[in-house]
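Chain and residue survey
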Amino acid sequence: MSRLLRPLALFLDIDGTLIDLAPRPDLVVVPDFLPPLLRELAAQLGGALALVSGRALADIDRLFPGLAYVAGSHGGEWRLGGASSSSKVAIPELDALAAGAETLPGILVERKPLGVALHYRDNPQLAGQVRALARRTVERADQALRLIDGKAVVEVMPAGTDKGSVILRFMDNPVFAGRRPVYVGDDVTDECGFSAVNRLDGLSIRVGGTQGSAANRGLSSPQAVRRWLRTLHRQATGGNHAQS
Ligand SMILES: [Mg+2]
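Residues numbered from 1 in each chain as written. Predicted model: local features only at pLDDT ≥ 70, side-chain atom pairs only at ≥ 80, totals over all residues. Heavy atoms only, no water.

So, on to the pairing of strand 9 (residues 153–158). Among the 6 residues that make up strand 9, 6 are buried, leaving the element largely enclosed by the rest of the structure. In the sheet, strand 7 (residues 116–119) pairs with strand 9 via 4 bridges, with the strands oriented antiparallel. Its bridge partner lying in strand 9, A117 is registered against E155. Between strand 8 (residues 145–150) and strand 9, which follow one another and run antiparallel, lie 2 residues, and A152 among them has a positive phi close to 60 degrees. (Buried < 20%, exposed > 50% of the residue type's maximum accessible area, 1.4 Å probe, protein only. Helix = DSSP H or I, 4+ residues; strand = E, 2+ residues; numbered from the N terminus. Pairing = 2+ DSSP bridges.)

Below you can see the structure in the form of structure tokens.
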């Protein structure tokens with residue numbers, strides 16, 4: 001089969017990709033039609049649809065219930081159909097980082113199952129100070145931690161996990177293997193996901209355009225992503241009708 005005709009495996013980031021960014025991660029709005037649309041698309045793709053987010057797995061399940069394939073915490077936690085797995089390790093420097101950041105005004109400290117996210121959207125003047133604090137933590141942890149810069153957020157997570165490696169892990173699963181991977185993301189943390197699917201002759205789609213990115217396609221906004229997903233869904237539905 002031509003590689004262009006291979007069935008797709010769809011990997012989707014959440015914040016800034018499927019849904020609009022909010023001032024705080026708990027304030028995002030998920031359009032009502034979106035969770036069922038994703039579940040139906042997953043079924044149409046033979047199961048080969050996975051969310052790949054920096055959010056914790058439990059948080060993703062709350063926003064988008066009923067999906068079998070999910071990767072959270074930037075690839076540090078994942079569920080491949082059945083039981084969940086995690087690369088969780090106890091790193092004491094993370095507690096010190098959270099405690100230190102909690103003293104800073106206007107900084108939202110988000111404890112995640114594997115790491116710590118420091119949101120400075122409410123006090124952008126402290127961006128440099130927050131990043132320096134995070135950098136010192138990473139240096140003290142002697143390669144066990146890494147720093148991830150995002151949109152008005154800096155995260156410290158265990159080293160050795162990223163969205164690209166978890167996508168490759170999923171692509172080894174029989175549900176995904178042999179398909180053409182598509183990854184849609186919007187942020188710095190999505191670049192390794194773009195590179196991973198590019199290596200597999202896939203499609204890498206960045207929300208906000210491709211400039212300065214490894215992505216080979218661009219979409220303008222989360223709204224455009226949702227429109228595109230609806231089109232995919234409609235095409236698959238039309239195909240099914242044609243066959244029956
Ligand atoms: Mg994002």
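Let us now look at the packing of helix 5 (residues 163–171) against helix 6 (residues 191–199). Angle between the axes and distance between the axes: these two values describe a pair of packed helices. Two numbers describe how helix 5 lies on helix 6: the axes approach to 7 Å, and their chain directions differ by 35 degrees. For helix 5 against helix 6, the interelement crossing comes out right-handed. Contacts from K163, G164, I167 and L168 in helix 5 reach C192, G193, A196, V197 and R199 in helix 6. Here the contact of helix 5 with helix 6 is built from residues that sort into 5 nonpolar, 2 polar and 2 charged. (Axes fitted to C-alpha atoms, helices over the stretch in contact; angles between N-to-C directions. Left-handed = near helix turned anticlockwise from the far one by under 90°. Contact = heavy atoms within 4.5 Å. Nonpolar A, V, L, I, M, F, W, Y, C, P; charged D, E, K, R; others polar.)

A separate point is the pattern of salt bridges. Side chains that carry opposite charge are capable of pairing whenever their charged atoms lie near each other. One pass over the structure, following the stated rule, counts 11 salt bridges. Two residues, R131 and D149, come together in a salt bridge whose shortest N-O distance is 3.0 Å. You can see R131 sitting in helix 4 (residues 127–140) and its partner D149 sitting in strand 8, a full 18 residues away along the chain. A relative accessible area of 26% means that R131 is categorised as partly exposed. With relative accessibility at 26%, the residue D149 sits in the partly exposed group. As a salt-bridge pair, K163 and D190 come within 2.7 Å of each other at their nearest N and O atoms. You can see K163 sitting in helix 5 and its partner D190 sitting in the loop between strand 10 (180–185) and helix 6, a full 27 residues away along the chain. (Salt bridge = Lys/Arg side-chain N within 4 Å of Asp/Glu carboxyl O.)

Turning our attention to the coordination of the magnesium ion. Protein coordination at the magnesium ion comes from D13 (OD), D15 (O) and D186 (OD), with a distance range of 2.1 to 2.2 Å. In primary-sequence terms, the residues that donate to the magnesium ion follow D-x1-D-x170-D. Pair noted here: D15 is in the loop between strand 1 (8–12) and helix 1 (34–44) and D186 is in the loop between strand 10 and helix 6, with a separation of 171 residues, a long-range link. For D186, a relative accessible area of 3% gives the class buried. (Donors = N, O, S within 2.8 Å, 3.2 Å for Na, K, Ca; no water.)

Quick look at the sheet that holds strand 8 now. The strand order 6-7-9-8 describes an open sheet built from 4 strands, whose pairing is antiparallel. Only two strands of the sheet have a single neighbouring strand rather than two, namely strand 6 (108–111) and strand 8. Between one strand axis and the next, the sheet turns through 15 degrees on average, direction left out of account. Helix 3 (residues 92–102) rests against strand 6, strand 7, strand 8 and strand 9 of the sheet, and its axis sits at about 155 degrees to strand 6. Where helix 4 meets the sheet, it contacts strand 7, strand 8 and strand 9, and its direction lies at approximately 160 degrees from that of strand 8.

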